[in-house]
Amino acid sequence: MSTSVFINPTAFEAGLEAAYRMRSTTSETQTAAFERFAKLGLPNRRVEGWKWSDFHNALRTRDIAAGRVEGERPSSAFDALNPVEFLIEDGRIHLPEGAAPSALRFGVVDPVGTIAELEAHSIVALNVAMTRKALGVEIADGAVLDRPVHIRHINTGAGQSFAQTLVRVGKGADVTLIETYEGRNKGFYSHLNHMAVRDGAKIRRYVLQNKGADCIIHGVCAAKVEAAANFSQTSLSTGAGLSRHETIVHFWGDDAAANLNSAALVADKRHADFTSIILHKEESGTVRQLHKGVATDRGRAIFQGKFEVERKAQKTDAQMTANALLLTDGAEANHKPELEIYADDVECAHGSTCGALDSDALFYLRQRGLSATQARALLIEAFAGEAIAAIDRDDIRSVFEKKLNDWLEAHA
Amino acid sequence: MLKIENLHVSVGNDDTAAEILKGLSVDVPAGEVHAIMGPNGSGKSTLSYTVAGRDGYDVTAGSVTLDGEDILDLDPDERAVKGLFLSFQHPMEIPGVQTMNFIRTALNAQRKVRGEEEMSAAEFIRTIRDKGKLVGLSDEKLKRQFNVGFSGGEKKRMEMLQMAMFEPVFAIMDETDSGLDIDALRMVGDVVNALRGPERGFLVITHYQRLLEYIKPDAVHVLADGRIVKSGGPELAMELEKSGYEQFIEAA
């Protein structure tokens with residue numbers, strides 16, 4: 001066997017290399033990406049930005065070759081919305097059956113590289129090297145899609161899988177995109193989502209993660225948001241063995257806007273990391289970001305949020321709030337809010353809090369007849385519910401609310 | 001009804017524990033309204049929190065019984081289900097909690113434990129709107145998050161709304177009159193007087209005699225330095241208004 005591109009490869013890295021070398025075709029982009037990955041290795045706790053999410057350690061002994069598991073495909077709580085449904089099952093893309101709106105074009109396409117800002121991101125490099133086919137979805141200019149698009153990411157086996165999606169929302173178009181990460185499997189899943197939101201377009205992205213306690217998952221959504229376009233995202237995650245969702249938003253035109261809401265509900269030894277970077281390149285961008293983390297038992301809720309404002313991006317108005325609620329002594333929350341501002345006429349703010357349930361409020365509620373559990377559930381719901389309260393469609397909000405209530409039933 | 005005997009209560013950790021109630025005894029028979037008056041720091045709020053079952057109030061001696069049953073070992077919600085209601089001196093704002101949802105959840109939680117039927121949504125809304133009018137809280141206020149952005153007076157109205165909704169067996173009103181204007185005092189009187197009956201008791205804790213013009217007490221007790229130093233009829237309240245608490249602080 002030829003020498004490895006890794007220095008002291010872990011079992012996981014050796015497995016990856018074997019899988020990579022077995023492939024019949026790889027593009028130049030992929031070859032370069034694999035070499036980049038080999039040099040960088042999986043991020044570990046000593047790498048800036050990865051202190052609380054050590055993928056190197058979590059994956060080192062994972063067997064990447066484990067197969068998929070055949071089984072009945074579960075129904076989705078979003079089925080009632082009559083979405084245009086795409087399925088990415090262990091990386092395999094299934095296009096929707098039946099009629100789809102004519103303003104929606106889609107297909108299985110060759111994967112691409114990534115944006116310059118993500119080239120030094122080792123999991124992205126790995127994804128670029130390993131993904132065989134990507135899902136492309138395009139909403140025509142000016143189209144207002146009345147049916148939501150639902151991309152279901154389902155993993156079944158204990159092995160690894162990679163997926164890429166390319167979403168382009170045409171000028172002035174309006175779309176609701178639901179992404180669910182499902183499967184109680186043990187495997188590793190990496191998803192790279194490149195998105196373009198053209199001038200005046202509007203996307204509402206809803207992300208719901210419901211994974212097993214042993215699964216390891218990494219998702220990146222890199223969105224290029226043009227002038228007067230609006231990127232709105234609400235995420236709810238109950239974590240996984242190791243889970244990180246990164247949202248990278250670049251404002252490429254004036255008057256772009258983003259709303260980012262996220263809630264992490266982590267029990268047992270689960271882990272949920274929400275990391276985001278919003279880069280303001282042009283004037284008058286607006287951002288409202290709210291994160292709520294609830295951790296119990298030995299759960300860990302991580303939030304890293306960064307606003308970068310370039311010199312040109314005057315009149316930027318960006319606010320970030322991250323609040324954590326710790327229900328037990330062993331629970332953990334880590335927040336890293338950052339502002340990096342080179343413009344002088346901006347309003348940027350961040351706030352971060354961490355606390356326990358308010359004993360005055362608990363006593364008040366119990367004096368009114370609520371049991372200790374009911375009182376806790378009501379207060380946790382009030383805390384975390386703020387992150388999903390702004391979902392404007394009742395049918396989508398109620399799915400998120402049910403997920404929150406199910407979690408409270410088990411862990412309050 | 002509510003019988004408190006030789007109650008000793010300490011607050012604080014072992015080395016910093018301070019005894020606040022020092023052998024307090026009060027007996028409020030069913031159908032009666034008793035007032036407890038006393039200066040700041042005499043132990044009025046400690047008394048209400050201890051009877052309601054708040055953590056951190058350590059009963060070192062004495063007993064509290066409701067209808068003959070010892071309630072000191074019960075959790076706060078178990079006491080509430082027995083019909084004990086506390087109108088808080090400083091009601092909480094609870095952001096994110098919808099007022100109607102909370103009151104309905106609480107009402108039905110109490111009913112469920114008592115083996116009573118839950119109140120339907122329609123009946124609940126009708127009832128809370130009626131009682132809202134009685135206490136002077138508009139529908140708009142009821143639709144808000146619990147007490148969020150409410151004035152001190154509105155928060156007290158919210159306490160009276162809950163008392164009217166829950167129809168407790170025994171209510172402790174901890175300085176419900178503080179911060180209220182004359183119209184609001186009359187409203188408090190209306191709520192209490194509407195609930196007064198042979199099966200119900202009230203303990204009204206106050207600094208001032210004014211509220212007692214609207215709620216005629218059957219007995220008045222003076223609390224000073226952790227114990228009752230004088231008991232009498234309604235005329236005792238008038239006497240206190242005139243000559244103050246000073247005489248009792250020295251007596252205690």
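Calculation notes
Per chain, residues are indexed from 1 in the order of the written sequence. Written order determines the labels here, with chains lettered from A and ligands numbered from 1. Under the rules for a predicted model, residues below a pLDDT of 70 receive no local features and side-chain atom pairs below 80 are neither given nor counted, while totals for whole chains, interfaces and linings still include all residues. We count a stretch as a helix when DSSP gives it H or I for four or more residues in a row; a strand needs E for two or more, and each element gets its number in order from the N terminus. Our radius of gyration looks at C-alpha atoms and nothing else; its globule reference is 2.2 Å times the residue count to the power 0.38. Partly exposed residues are those whose C-beta has more than 12 but fewer than 20 other C-beta atoms within 10 Å; with 20 or more the residue is buried, with 12 or fewer it is exposed, and the C-beta atoms are placed from the backbone. Residue pairs are scored as contacts if the distance between their C-beta atoms, which are placed from the backbone, is within 7 Å. The pairing criterion for strands is at least two bridges between them, as found by DSSP. Where helices are involved, their axes are fitted lines through C-alpha atoms of the stretch in contact, as for all axes, and angles between N-to-C directions lie from 0 to 180°. Amino acids outside the nonpolar list (Ala, Val, Leu, Ile, Met, Phe, Trp, Tyr, Cys, Pro) and the charged list (Asp, Glu, Lys, Arg) are all regarded as polar, and Gly is one of them. Should an angle fall under 35 degrees it is called roughly parallel, over 145 degrees roughly antiparallel, and 65 to 115 degrees roughly perpendicular, with every other angle called oblique. By convention in this section, buried Ala, Val, Leu, Ile, Met, Phe, Trp, Tyr and Cys residues joined through C-beta atoms within 7 Å make up a nonpolar core. The predictor rates its confidence in each residue with pLDDT, a number between 0 and 100. Rotating anticlockwise by less than a right angle from the far helix to the near helix defines a left-handed crossing, while the corresponding clockwise rotation defines a right-handed one. Here, expected helix span is obtained from the residue count minus one, scaled by 1.5 Å. Note that the arc is computed from the directions linking the helix axis to the C-beta atoms.

Draft legend 1. Molecular detail of the overall build of chain A. Across its full length, chain A holds seven helices and 19 strands. In terms of overall size, chain A behaves like a compact globule, its C-alpha atoms giving a radius of gyration of 21 Å where 412 residues would be expected to give roughly 22 Å. Seen through its principal axes, chain A has C-alpha atoms that stretch 70 × 50 × 45 Å. The buried share of chain A, taken over its 412 residues, is 50%. In chain A, 83% of the contacts between residues at least 6 apart in sequence involve partners at least 24 apart.

Draft legend 2. Region of the structure containing the sheet that holds strand 4 (residues 57-66) of chain B. Residues and elements named next belong to chain B. On the basis of which strands lie adjacent, the open sheet formed by four strands has the order 2-1-4-5 and antiparallel pairing. One side of each edge strand has no neighbouring strand; the edge strands of this open sheet are strand 2 (18-28) and strand 5 (69-70). Bridge count for strand 1 (residues 2-11) against strand 2 is eight bridges, and the pairing is antiparallel. Looking across to strand 2, one finds that L7 is bridged to L24. Each of strand 1, strand 2 and strand 4 touches helix 1 (residues 44-52); the most contacted strand, strand 4, lies at about 70° to it.

Draft legend 3. Here's a closer look at the interface of chain A and chain B. At the interface, 16 residues of chain A touch 20 residues of chain B. Ranked by the residues each element gives to the side of chain A that touches chain B, the list is headed by helix 5 (residues 359-367) of chain A, at six residues. Here the residues of the side of chain A that touches chain B sort into seven nonpolar, five polar and four charged.

Draft legend 4. How the structure looks around the sheet that holds strand 6 (residues 84-87) of chain B. Residues and elements named next belong to chain B. Within the open sheet, the six strands sit side by side as 6-9-10-3-11-12. Their pairing is mixed. The open sheet has two free edges, formed respectively by strand 6 and strand 12 (227-232), since each of these has just one partner strand. Across this sheet, the average inter-strand angle for adjacent strands is 20°, counted without regard to direction. The pairing of strand 3 (residues 33-37) with strand 11 (residues 219-224) spans four bridges and is classified as parallel. The partner of M37 across the bridge, within strand 11, is V222. Packed onto the sheet, helix 1 meets strand 3, strand 6, strand 9 (170-174), strand 10 (201-206) and strand 11 and runs at close to 150° relative to strand 9.

Draft legend 5. Molecular detail of helix 1 of chain B. Residue and element names in this part refer to chain B. For helix 1, a buried count of eight out of nine residues is recorded, marking the element as mostly surrounded by other parts of the structure. For helix 1, every residue scored as buried is listed here: K44, T46, L47, S48, Y49, T50, V51 and A52. At the C-terminal side of helix 1, G53 shows a positive phi close to 95°.

Draft legend 6. Local environment of the packing of helix 6 (residues 152-166) of chain B against helix 7 (residues 182-195) of chain B. Residue and element names in this part refer to chain B. For the pair helix 6 and helix 7, interaxial distance at closest approach is 10 Å and the crossing angle is 10°. Taken together, the axes of helix 6 and helix 7 are roughly parallel relative to one another. On helix 7, the residues that touch G153, K156, R157, M160, M163 and A164 of helix 6 are A184, M187, V188 and V191.

Draft legend 7. Quick look at the nonpolar core. If you look at the biggest cluster of nonpolar residues, it comprises 182 residues, and the most contacted ones within it are V197, V225, V294 and A301 of chain A together with V204 of chain B. Not counting residues up to four positions away in its chain, the partners in contact with V204 of chain B are V33, A35, M173, L211, I215 and P217 of chain B.

Draft legend 8. How the structure looks around the confidence of the model for chain B. Residue and element names in this part refer to chain B. Across chain B, the average pLDDT comes to 93, with 98% of residues at or above 70. Here helix 9 (residues 246-251) stands out as the least confident element of chain B, with mean pLDDT 68; strand 6 is the most confident, with 98. With a pTM of 0.94, the predicted complex shows an ipTM of 0.96.

Draft legend 9. Summary view of the packing of helix 2 (residues 28-40) of chain A against helix 4 (residues 122-130) of chain A. Residue and element names in this part refer to chain A. In the contact formed by helix 2 and helix 4, the axes pass within 8 Å of each other and the chain directions differ by 145°. In this structure, the crossing between helix 2 and helix 4 has a hand that is left-handed. Contact with helix 2, carried on its side by T29, Q30, A33, F34, R36, F37 and L40, involves S122, A125, L126, V128 and A129 of helix 4 and no other residues of that element.

Draft legend 10. How the structure looks around helix 7 (residues 394-411) of chain A. Residue and element names in this part refer to chain A. Here helix 7 contains 18 residues, and its C-alpha end-to-end distance of 25 Å stays within 8% of the 26 Å for a straight helix at 1.5 Å per residue. Where helix 7 is concerned, the buried positions are I396, V399, F400, K403, L404, W407 and H411. Looking down the long axis of helix 7, one finds its buried residues gathered within 130° of arc, a one-sided arrangement. Of the residues in helix 7, the exposed ones pointing more than 90 degrees away from the buried face are D394, D395, K402 and E409.

Draft legend 11. Summary view of the environment of N108 of chain B. All names here are of chain B. Secondary-structure assignment places N108 in helix 3 (residues 99-113). Since 17 C-beta atoms lie within 10 Å of it, N108 is described here as partly exposed. Here the alpha-carbon distance between N108 and F124, two residues 16 residues apart in the chain, equals 10.0 Å. With residues up to four places along the chain from it excluded, the contact list for N108 reads E118 and M119.

Draft legend 12. Spotlight on the pairing of strand 16 (residues 300-309) of chain A. Residues and elements named next belong to chain A. Counting buried residues in strand 16 gives eight out of 10 residues, a clear majority hidden from the surface. As judged from the 10 bridges shared by strand 16 and strand 18 (residues 332-341), these two strands associate in the parallel manner. Bridge assignment links F303 to a residue of strand 18, and that residue is H335.

Draft legend 13. Here's a closer look at unusual backbone geometry. All names here are of chain A. Notably, D90 is not glycine yet its phi reads approximately 50°, a positive angle. If you trace the backbone, D90 turns up in the loop between strand 1 (84-89) and strand 2 (92-94). Positive phi values are uncommon outside glycine, yet D268 reaches one of about 50°. Within the secondary structure layout, D268 lies in the loop between strand 13 (257-266) and strand 14 (271-280). Using a count of 14 C-beta atoms within 10 Å as the deciding quantity, one classes D268 as partly exposed.

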